[in-house]
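Residue strings, one per chain:
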Amino acid sequence: MIYLKTPDEVRVMRKANLIVRDTLLMVRDRIKAGVSTAEVDRWVREYIESRGAYPSCLGYEGYPASTCISIDDVVVHGIPSPKTYIEEGQIVGVDLCATIDGYHGDSARTFPIGKVSKEKLDLVQAAEDAFFEGIKGIKAGDRIGDISGAIQALVEGRGYSVVRALTGHGIGREMHEDPAVPNYGEKGRGIRLRPGMTIAVEPMINLGRYDVYTERDGWTVRTRDHSPSAHYENTVAVWDDGIEILTI
Amino acid sequence: MANGEEKTVAAPKRKNVKHLDSGGDRNQVIGDKLLEGKQVFDSEIKSALRVYSGK
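Residues numbered from 1 in each chain as written. Chains lettered and ligands numbered in written order. Predicted model: local features only at pLDDT ≥ 70, side-chain atom pairs only at ≥ 80, totals over all residues. Heavy atoms only, no water.

## Considerations on the sheet that holds strand 2 (residues 74–76) of chain A
Through backbone hydrogen bonds, the strands of a sheet pair up, either in parallel or in antiparallel fashion. Residues and elements named next belong to chain A. The criterion, for reference: Two strands are counted as paired when DSSP detects at least two bridges linking them. Strands here are runs of E lasting at least two residues and helices are runs of H or I lasting at least four, both read from the DSSP assignment and numbered beginning at the N terminus. Lines fitted to C-alpha atoms define the axes here, with helix axes fitted over just the stretch in contact, and angles between the N-to-C directions of these axes take values from 0 to 180 degrees.
Here we have three strands laid out as an open sheet, ordered 2-11-10, and antiparallel in their pairing. The open sheet has two free edges, formed respectively by strand 2 and strand 10 (212–214), since each of these has just one partner strand. Strand-to-strand twist of the sheet, defined as the mean angle between neighbouring strand axes without regard to direction, takes the value 40°. In this sheet, strand 11 (residues 221–223) lies alongside strand 2 in antiparallel orientation, the contact comprising two bridges. Residue pairing in the sheet places V76 in a bridge with V221 of strand 11.

What follows is the structure, encoded as structure tokens:
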């Protein structure tokens, strides 16, 4: 079921999404080598709660933390741990959600730690570029495949691969709503975008092949060839005059 | 100056800074990207401006 939001509902959603935005800015300014992923998770929970919101990843389908922190070849859903320390040269994906006034926000960034190889930096930049290429010119009446195809074209054009096993998603009163928003597809295909649709567009891209697997913890998704992966995500609203990024 | 639509990042309107008043507000995401020399996208500017226009 796809729920279309009114402009007033999107204004409320923006509140959750600006909290998510500010949380990621806070993480960006503090994350560094030597910090454990559990500590980053604690910062996130404390910050989101200080803003009167709740970290909606926590407890979602049994997920044990407020953030997903995914290092190098971990694509998404890396579980924070006091035994996992961030190291110089890594790229660290931080994906977090917040809910306030009944609506969710969702965003992710991949942070380079210290001196990082050009190979990894280019991958991180490509994930961001893919997001913006995906939403470029998109408005109500276009199709999901217009977003998906644009993301895939940019990513593969740069020699990377798009993760196919995981997708973006609708979001609003639930963290995951319909529709799915794949990062691969064909322009002109898929469901039609309508005014008031709110979706999380989230390119997940790998330096190597697109195959991934889930570890025995049931959450951590890793590239099968252990090549690095980068993730970039924003929640957006679709309108007749274009896309509104709610996490900016 | 750019609004992400009529005036894009690639082709902004040129203004003398002494004729501008920031109003005290700053979008940190966009501001930080500009300071770091990173690419700012038209959709970011357009979306950020919606907050101020009350849409």
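Next comes the rest of the account.
## Regarding the sheet that holds strand 12 (residues 229–231) of chain A
Residue and element names in this part refer to chain A. Put simply, the test is: Should any heavy atoms of two residues lie within 4.5 Å, those residues are considered in contact.
The three strands lie next to each other as 5-9-12, forming an open sheet whose pairing is antiparallel. Only two strands of the sheet have a single partner each, and these edge strands are strand 5 (161–162) and strand 12. For strand 5 and strand 9 (residues 204–206), the ladder comprises two bridges, and the chain directions are antiparallel. Residue V162 lies in a different strand from strand 9, and its bridge partner there is I205. Across the sheet, helix 3 (residues 118–135) is in contact with strand 9 and strand 12; its angle to strand 12 comes to roughly 35°.

## Description of the environment of K15(B)
Residue and element names in this part refer to chain B. Defined as follows: Think of it in three bands: residues with accessible area under 20% of the maximum for their type are buried, residues over 50% are exposed, and the middle band is partly exposed, with areas taken using a 1.4 Å probe on protein chains only.
Here K15 is to be found in the segment before helix 1 (28–35). On the basis of relative accessible area, K15 is assigned to the partly exposed category, the value being 42%. Along the backbone, K15 and M1 are 14 residues apart, and their C-alpha atoms lie at a distance of 7.0 Å. Residue contacts for K15: discarding those within four places in its chain leaves M1 and L20.

## With respect to the packing of aromatic side chains
Which entries qualify depends on this criterion: Ring geometry is summarised as follows: Phe, Tyr and Trp rings, the Trp one being its six-membered ring, pair when their centres sit within 6.5 Å, and such pairs are stacked at plane angles under 30 degrees, edge-to-face over 60 and tilted between the two. Any Lys NZ or Arg CZ that is within 6 Å of a ring centre and within 35 degrees of that ring's normal is treated as a charge sitting over the ring.
Taken as a whole and assessed by the stated rule, the structure comprises five aromatic pairs over all chains. Between Y63(A) and W219(A), the ring centres sit 5.0 Å apart and the planes meet at 80°, which makes this aromatic pair edge-to-face. Here the residue Y63(A) occupies a position in the loop between helix 2 (37–50) and strand 1 (67–71), and W219(A) occupies one in the loop between strand 10 and strand 11, the gap between them amounting to 156 residues. For the ring pair F132(A) and F41(B), a centre distance of 3.9 Å and an interplane angle of 5° mean the geometry is stacked. Taken together, the positions of F132(A) in helix 3 and F41(B) in the loop between helix 1 and helix 2 (42–53) put the pair across two chains. By relative accessible area, F132(A) is classed as buried at 3%. Of the residues examined, F41(B) reaches a relative accessible area of 13% and is grouped as buried. An aromatic cluster of at least three residues, connected via ring pairs, comprises F131(A), F132(A), Y232(A) and F41(B). Seen from the ring of Y184(A), R164(A) lies directly overhead, with NZ or CZ sitting 4.8 Å from the centre.

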